[in-house]
Amino acid sequence: MRNFKFFFGIMLIFIILSGCDNTKDPASNDCTDVYWTYNGNDNGQNKWVDLCNGFSACGAQAQSPVNISGSVTDTTLPSLVFNYLSTPAEIENNGHTIEFACEEGSKLIIGAKEYKLLQFHYHSQSEHQVNGQSYPLEVHFVHKASETDYAVVGVFFEEGNDNKLFTKFLSHFPTQKGKYIDTTEIVLTELLPENKSFYHYSGSLTTPPCSETVSWYVLKNKVSASPAQLSQFGVILNNNYRNIQNLNGRKILSRDE
């Protein structure tokens, strides 16, 4: 009887400990609940590739962001045609960024190809650099043609006049995980600089799973926000930018409008 009690106790401890192990198997392709950060020692960006098999692209050769330098002018590149509509304000802090979801209907047309606008989100400081220079903020407009074909437009912020979008909504940006929804319409075209000259290269998502499915279009002209707005937003985002990645032989093309 004493041996049975001992065996039963051991089995009970094993079951409890097994139930408490919520760690994802790094060999799994399901990375849904894998915890990653930008700056942590064990789960920071230098460890992304090791956190889950589905993050293996984070160690591949065509990663983003990059330092934009030595671009080559290519007059055959098609212009960016922004067929953007208005969208209600649906603002989410997802733990990694502040993201605005966009209603269906807004599109980016590049040559004969059409991409649907999904959302836009922010990084502080900028993820891309130009000739080694960073900017205080960068917004990414994420467009999708298919699961393997994304077009992301990056826009830099510089210090200057108040940003109208921030004036309306910055006080409502969730500082923790959560959403803020407002029926106020956002005119999406007003979020872009008037001149749409751009740099272009092939790269990846800048967050896990780092899929190399992105055509990048980084606008040369910038939008502004006041120093106070940039500072306030920077506290919320807390340095949510990926480090510069090697070009590994990729060319950066350029078009002026």
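Parameters and conventions
- Residues numbered from 1 in each chain as written.
- Predicted model: local features only at pLDDT ≥ 70, side-chain atom pairs only at ≥ 80, totals over all residues.
- Heavy atoms only, no water.
- Helix = DSSP H or I, 4+ residues; strand = E, 2+ residues; numbered from the N terminus.
- Buried < 20%, exposed > 50% of the residue type's maximum accessible area, 1.4 Å probe, protein only.
- Contact = heavy atoms within 4.5 Å.
- 1 Å grid on protein atoms, 1.4 Å probe; cavity = no way out; pocket = protein on both sides within 12 Å on 5 of 7 lines; lining within 4 Å.
- Points joined across faces, edges and corners; volume = space filled by probe spheres on them.
- Salt bridge = Lys/Arg side-chain N within 4 Å of Asp/Glu carboxyl O.

**Focus: the overall build of the chain**
Argument step 1. In terms of regular secondary structure, the chain is built from 4 helices and 15 strands.
Argument step 2. Here the chain holds 257 residues, and the buried ones make up 44% of them.
Argument step 3. Long-range contacts, defined here as pairs at least 24 residues apart, represent 68% of the contacts in the chain between residues at least 6 apart.

**Things to note about the layout of surface pockets**
Argument step 1. Within this model, the largest pocket holds a volume of roughly 980 Å³.
Argument step 2. Contributing to the lining of the largest pocket are 39 residues, with Trp36, Asn94, His96, Thr97 and Thr207 lying nearest its centre.
Argument step 3. For the lining of the largest pocket, the secondary-structure elements that each account for two or more residues are strand E5 (98–101), strand E7 (113–123), strand E9 (137–146), strand E10 (149–159) and helix H4 (227–237).
Argument step 4. Among the elements that line the lining of the largest pocket, the one with the most residues is E7, at 4 residues.
Argument step 5. If you go around the second largest pocket, you meet 19 residues; those closest to its centre are Asn163, Lys164, Leu165, Glu190 and Leu191.
Argument step 6. Every element with two or more residues in the lining of the second largest pocket is listed here: E9, helix H3 (164–169), strand E11 (178–187) and strand E14 (223–225).

**Re the pattern of salt bridges**
Argument step 1. Tallied over the entire structure, the rule returns 6 salt bridges.
Argument step 2. Lys113 is the partner of Asp149 in a salt bridge, and the nearest nitrogen-oxygen pair spans 2.9 Å. Within this pair, whereas Asp149 is found in strand E10, its partner Lys113 is found in strand E7, the two being separated by 36 residues in sequence.
Argument step 3. Given the relative accessible area of 15%, Asp149 is considered buried.
Argument step 4. Here Glu257 ties to Arg255 by a salt bridge, and the two come within 2.8 Å at their closest N and O atoms.
Argument step 5. The partly exposed category is assigned to Glu257, whose relative accessible area is 43%.

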